[in-house]
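A closer look at the structure
The chain contents come next:
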Amino acid sequence: MRIVIALGGNALLQRGETPSAAAQERNAQRAAAAIAAVAREHEVVVTHGNGPQVGLLANQAECDRIAWPLDVVGAESHGMIGYILARELHNALGHDRVASLLTQTEIDPEDPAFAGPEKFIGPTWNEARARALARERGWTIAPDGDGWRRVVASPEPQRLLGMEAVSTLVASGAVAICAGGGGVPVMRGADGRFHGVEAVVDKDLTAARLAEHLAADWLLLLTDVDGVYLDWGMPGAQRLKALLVTAVDPAMYPAGSMRPKMEAARRAAQAGIRTGIGALEDAAAILAGQAGTRIQPL
């Protein structure tokens with residue numbers, strides 16, 4: 001089978017963990033062990049989040065007084081994570097048929113997300129500093145807890161570039177890592193050329209698009225919880241073992257946690273792709289129906 005494995009942000013950083021190189025390498029070893037258990041028997045394509053890493057790199061740029069475009073910062077994080085994961089997959093699998101590709105995601109210049117940026121990015125400042133940066137750099141800012149942060153658009157992924165290369169690698173027996181952080185966002189200008197965009201694309205929606213582009217049999221959305229729960233956080237919360245796509249309502253779930261994954265699962269299942277949501281270590285068990293939550297196509 002051909003399986004797209006989408007790693008959540010916990011693949012390289014646990015919640016509250018210091019974003020050090022050592023921490024990311026340690027967590028990458030965990031991720032590689034889980035992926036390898038699947039890749040030994042199936043064709044595998046890996047994608048991943050990059051939220052903590054983008055924030056770290058944006059903060060470094062701010063400290064250095066360098067205003068790198070957000071698409072470049074996203075590409076930088078994609079390369080960093082791709083390298084660490086590829087290295088640990090080499091170690092876990094014992095062969096060198098692993099490749100990390102820097103891929104781009106085309107978005108629509110007319111996407112309504114540009115009219116109301118909501119995705120927080122980068123470090124937190126006090127209000128005065130945030131407003132000064134917004135004036136200097138043309139940013140949109142918004143309050144976040146006790147501070148202020150930059151907000152950017154999160155447009156829908158329309159087309160993933162480089163899929164022919166990814167398909168060729170996978171068909172040859174390689175594990176491909178691509179579309180990290182939702183892919184580097186680009187749009188086609190009036191001149192017909194692609195240009196980078198100051199935006200971020202949701203990684204889960206890109207994972208669903210990736211699975212569709214590659215005609216995958218399965219999409220695994222792996223995170224730091226063991227499945228999708230009814231009444232999450234309540235004493236009687238219960239893990240849902242399986243759902244038909246017609247029973248999936250993403251609006252029932254919190255926007256900041258499970259909703260994007262349920263929306264991605266719904267889209268993949270509508271395209272005929274079986275989807276599993278669950279813990280990183282349970283990847284193989286989810287495929288076997290022994291863990292996680294499975295969303296079934298009609």
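Residues numbered from 1 in each chain as written. Predicted model: local features only at pLDDT ≥ 70, side-chain atom pairs only at ≥ 80, totals over all residues. Heavy atoms only, no water.

**A closer look at the pairing of strand 10 (residues 184–188)**
To keep things clear, this is the line we draw: Think of it this way: DSSP has to see at least two bridges between two strands before they count as a pair. Under the DSSP-based scheme used, a helix requires at least four consecutive residues in state H or I and a strand at least two consecutive residues in state E, with every element numbered from the N terminus.
Pairing of strand 4 (residues 104–106) with strand 10 involves 3 bridges; the strand directions are parallel. If you follow Thr 105 over to strand 10, its bridge partner there is Pro 185. Both strand 10 and strand 11 (residues 194–196) contribute to a ladder of 3 bridges, which runs antiparallel. Its bridge partner being in strand 11, Arg 188 is matched across the sheet by Phe 194. Following strand 10, the chain reverses through 5 residues before pairing antiparallel with strand 11; Gly 192 in that reversal takes a positive phi of roughly 85°.

**Considering the sheet that holds strand 7 (residues 147–152)**
Hydrogen bonds between backbone atoms are what pair the strands of a sheet, whose relative direction is either parallel or antiparallel. Heads up, the rule is: Helix axes are fitted only over the stretch in contact, all axes being lines through C-alpha atoms; the angle between N-to-C directions runs from 0 to 180 degrees. Any two residues whose heavy atoms approach within 4.5 Å at even a single point are treated as in contact.
Reading across from one edge, 5-7-6 is the order of the 3 strands in this open sheet, with antiparallel pairing throughout. Edge strands, defined here as strands with exactly one partner in the open sheet, are strand 5 (119–125) and strand 6 (140–144). Geometrically, the sheet is characterised by an average inter-axis angle of 40° between neighbouring strands, direction not taken into account. Here 4 bridges tie strand 5 to strand 7, and the two strands are oriented antiparallel to one another. Directly across from Trp 125, in strand 7, lies its bridge partner Trp 148. Packing of helix 4 (residues 127–137) onto the sheet brings it into contact with strand 5, strand 6 and strand 7, and relative to strand 5 it is tilted by some 125°.

**Topic: the pattern of salt bridges**
Worth spelling out the cut-off: Any carboxyl oxygen of Asp or Glu within 4 Å of a side-chain nitrogen of Lys or Arg constitutes a salt bridge here. Burial here depends on accessible area, computed with a 1.4 Å probe over protein chains only, as a share of the maximum for the residue type. Under 20% is buried, over 50% is exposed, and the range in between is partly exposed.
A full pass over the atoms with the stated rule returns 14 salt bridges. Between Glu 136 and Arg 137 there is a salt bridge, with the nearest N and O atoms lying 3.6 Å from each other. What makes Glu 136 exposed here is its relative accessible area of 52%. Each of Glu 156, Glu 263, Arg 266 and Arg 267 takes part in salt bridges that share partners, so that together they form one network.

**Here we look at helix 1 (residues 21–39)**
Here is the rule: Given a helix with a known number of residues, its expected span is that number minus one, times 1.5 Å.
Over its 19 residues, helix 1 runs 25 Å from end to end, which matches the ideal 27 Å to within 8%, given 1.5 Å per residue. Of all the positions in helix 1, only Ala 23, Gln 24, Asn 27, Ala 28, Ala 31, Ala 32, Ala 34, Ile 35, Ala 36, Val 38 and Ala 39 are classed as buried.

**Some points on the environment of Leu 222**
In this fold, Leu 222 is placed in strand 12 (residues 218–223). When its relative accessible area of 2% is taken as the criterion, Leu 222 is described as buried. For the pair formed by Leu 222 and Ile 286, sequence separation is 64 residues and the distance between their alpha carbons is 9.8 Å.

**Examining the packing of helix 6 (residues 203–213) against helix 7 (residues 259–270)**
As a reminder of what qualifies: For classification purposes, angles smaller than 35 degrees are called roughly parallel, those larger than 145 roughly antiparallel, those between 65 and 115 roughly perpendicular, and all remaining angles oblique. Note on convention: near helix rotated counterclockwise from far helix by under a right angle means a left-handed crossing. Clockwise means right-handed.
Following both chains from N to C, one finds helix 6 and helix 7 inclined at 15°, their axes separated by 8 Å at the closest point. As summarised for this structure, helix 6 and helix 7 are arranged roughly parallel, according to the angle between their axes. As helix 6 packs across helix 7, the resulting crossing turns out to be right-handed. Here Lys 203, Asp 204, Leu 205 and Ala 208 of helix 6 lie close against helix 7, whose contacting residues are Pro 260, Lys 261, Glu 263, Ala 264, Arg 267 and Ala 268.

**Comments concerning the nonpolar core**
Nonpolar side chains in soluble globular proteins tend to end up buried together. What counts is decided by this rule: To qualify as a nonpolar core, a set must consist of buried Ala, Val, Leu, Ile, Met, Phe, Trp, Tyr and Cys residues joined through side-chain atoms within 4.5 Å.
One finds Val 166, Leu 210 and Leu 219 to be the most contacted residues of the largest nonpolar core, which totals 35 residues. At the level of elements, strand 1 (2–7), helix 5 (163–171), helix 6, strand 12 and helix 7 are the ones that each hand at least two residues to this core. Setting aside its immediate chain neighbours within four residues, Leu 219 contacts Val 4, Ala 207, Ala 208, Ala 211, Ala 264, Ala 268, Ile 273, Arg 274, Thr 275 and Gly 276. Leu 7, Ala 39, Val 46 and Leu 280 belong to the second largest nonpolar core, which has 31 residues in total.

All we've got here are geometric facts, nothing functional implied.
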